[in-house]
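Summary of structural features
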Amino acid sequence: MMIKSLLQIHKGVKRLNPIIGHGKLLRLFSNSAIRWKSREEDNVDKVVELVRSKTNILVMTGAGISTPSGIPDFRSPGSGLYHNLKKFNLPYAEAIFDIQYFMMDPKPFFTLAQELFPGVNYKPNAAHYFLRLLQDEEKLQMLYTQNIDGLERLAGIDGQKLVESHGTFSTASCTLCSERHDSEQVKNAILVGKVPIYCSRKKCKGKVKPDIVFFGENLPWHFWNYQNQVPFTDLLIVIGTSLEVYPFAAIADAVNYSTPRILINRNTVGSFGLRPNDHTLSGDLLETTMAIVKGLGWTAKLEKLMACSRNEE
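Here is what the cut-offs are and how they apply
Residues numbered from 1 in each chain as written. Predicted model: local features only at pLDDT ≥ 70, side-chain atom pairs only at ≥ 80, totals over all residues. Heavy atoms only, no water. Pairing = 2+ DSSP bridges. Helix = DSSP H or I, 4+ residues; strand = E, 2+ residues; numbered from the N terminus. Axes fitted to C-alpha atoms, helices over the stretch in contact; angles between N-to-C directions. Buried < 20%, exposed > 50% of the residue type's maximum accessible area, 1.4 Å probe, protein only. Arc of directions from axis to C-beta. Contact = heavy atoms within 4.5 Å. Polar contact = N/O pair within 3.5 Å; in protein donor to acceptor, adjacent residues only side chain to side chain. Core = buried A, V, L, I, M, F, W, Y, C linked by side-chain atoms within 4.5 Å. Left-handed = near helix turned anticlockwise from the far one by under 90°. Nonpolar A, V, L, I, M, F, W, Y, C, P; charged D, E, K, R; others polar. Phe/Tyr/Trp six-rings, centres within 6.5 Å; stacked < 30°, edge-to-face > 60°. Lys NZ or Arg CZ within 6 Å of the ring centre and 35° of its normal.

1. Side note on the sheet that holds strand 5 (residues 162–164)
One open sheet holds the six strands; their spatial order is 5-4-3-10-11-12, and the pairing between them is parallel. In this open sheet, the two edge strands, each paired with only one partner strand, are strand 5 and strand 12 (278–281). When strand polarity is set aside, the average angle formed by the axes of neighbouring strands in this sheet is 15°. Pairing of strand 3 (residues 57–61) with strand 10 (residues 235–239), which is carried by five bridges, proceeds in the parallel orientation.

If you want it as structure tokens, here you go:
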């Protein structure tokens, strides 16, 4: 079997896989039938009991949690974000998130940013508010997301509990001197099309952009703190991600071997099924999430959160 290059293409950085040896092993067995558990859907009641009994739950989310909100994922053939970028005449789809290409032509990114800016066209869905309930019930240890749509923040996840691994629209900086700029001013400039935005510092002609991590840029420093958190995680929940992008995917394998792991996804991904305490819930993500919420007795709380959100719009 061909093994993918060890230089993992991160949606924001090219970085050597920090668990190269383990990564090789996972790729060799990820599609294998040699798994502790079958690929059949686990009983929701079992998952409900795990969530009810745990108090230090680490959550990982990917594009799949936001597709019910109307946001396309990145890689789905025919409908993914990269497929829909042909109108920009890019040399390659990923160029829209390439820092070198941005320096030469920032307009494609700013055009896309008008569409994706948090709270403008897309709102959190029930799965995001389920994570908010984990926080409100004092069960959420930390939420790591690959997404740049900001829907976790809009759902009310506290910034101290949230790591936006691939960056955020909530802050903005100069691409040359790193000077912070007012995020609301940057947002307004993007939405009305007054771009590119230049640094306000004297003698600096750098372009300003939201702090989304581009290819060629480093992940936020606090991402790496997961290594200090996973020893205390008593339950891992992974929602809507292919677990193909490293180093983000490494978090799922960094938790203790005996720690229960729950996957809510269309397909079994990563190393799920290779550990005895793995549980996979396939099928429709929102339906699965709502079944868990119902089992926990949180339906009324979730509906109240969503109603309050609609009233604030």
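The discussion continues.
2. Considering helix 7 (residues 183–192)
Those residues of helix 7 that sit buried are Val-186, Ala-189 and Ile-190. Around the axis of helix 7, the buried residues are gathered within 100° of arc, so they sit on the same side. Facing away from the buried side of helix 7 by more than 90 degrees, the exposed set consists of Gln-185 and Val-192. The elements touched by buried residues of helix 7 are helix 4 (107–116), strand 6 (167–174), strand 7 (180–181), strand 8 (197–198) and strand 9 (207–212). One side-chain oxygen of the residue at the start of helix 7 lies 3.0 Å from the amide nitrogen of Glu-184, identifying that residue as Asp-182. Gly-193 sits one or two positions beyond helix 7 and adopts a positive phi of about 85°.

3. Topic: the nonpolar core
Among the nonpolar cores identified, the biggest contains 33 residues, and Val-51, Val-59, Phe-130, Leu-131, Leu-134, Ile-237 and Ile-292 are the most heavily contacted of them. Counting only elements with at least two residues in this core, the list comes to helix 2 (44–53), strand 3, helix 5 (126–136), strand 4 (140–145), strand 10, strand 11 (261–264), helix 10 (285–296) and helix 11 (299–312). Looking at which element gives the most residues to this core, the answer is helix 5, with seven residues. Look past the residues within four positions of Ile-237 in its chain and what remains in contact with it is Val-51, Ile-57, Leu-58, Val-59, Met-60, Leu-134, Ile-262 and Ile-264.

4. Describing the packing of helix 5 against helix 10
Running from N to C, helix 5 and helix 10 cross one another at 35°; their axes reach a closest spacing of 9 Å. Where helix 5 crosses over helix 10, the handedness of that crossing is left-handed. The segment helix 5 lies against helix 10, with Ala-126, Ala-127 and Phe-130 engaging Leu-285, Leu-286, Thr-289, Met-290, Ile-292, Val-293 and Leu-296. In terms of residue class, the contact of helix 5 with helix 10 is built from nine nonpolar, one polar and no charged.

5. Some thoughts on the packing of aromatic side chains
This model, assessed by the stated rule, comprises 12 aromatic pairs. On the basis of an interplanar angle of 70° and a centroid distance of 6.3 Å, the ring pair of Phe-97 and Phe-109 is categorised as edge-to-face. You can see Phe-97 sitting in the loop between strand 3 and helix 3 (99–104) and its partner Phe-109 sitting in helix 4, a full 12 residues away along the chain. Judged by its relative accessible area of 3%, Phe-109 is buried. For the ring pair Phe-130 and Trp-298, a centre distance of 6.4 Å and an interplane angle of 40° mean the geometry is tilted. Here the residue Phe-130 occupies a position in helix 5, and Trp-298 occupies one in the loop between helix 10 and helix 11, the gap between them amounting to 168 residues. Looking at Trp-298, the relative accessible area reads 7%, which means it is buried. Every member of this aromatic cluster is reached through a ring pair, and the members are Phe-97, Phe-102, Phe-109, Phe-110 and Phe-214. Seen from the ring of Phe-214, Lys-209 lies directly overhead, with NZ or CZ sitting 4.3 Å from the centre.

Scope: geometric values only; no functional claims are made or implied.
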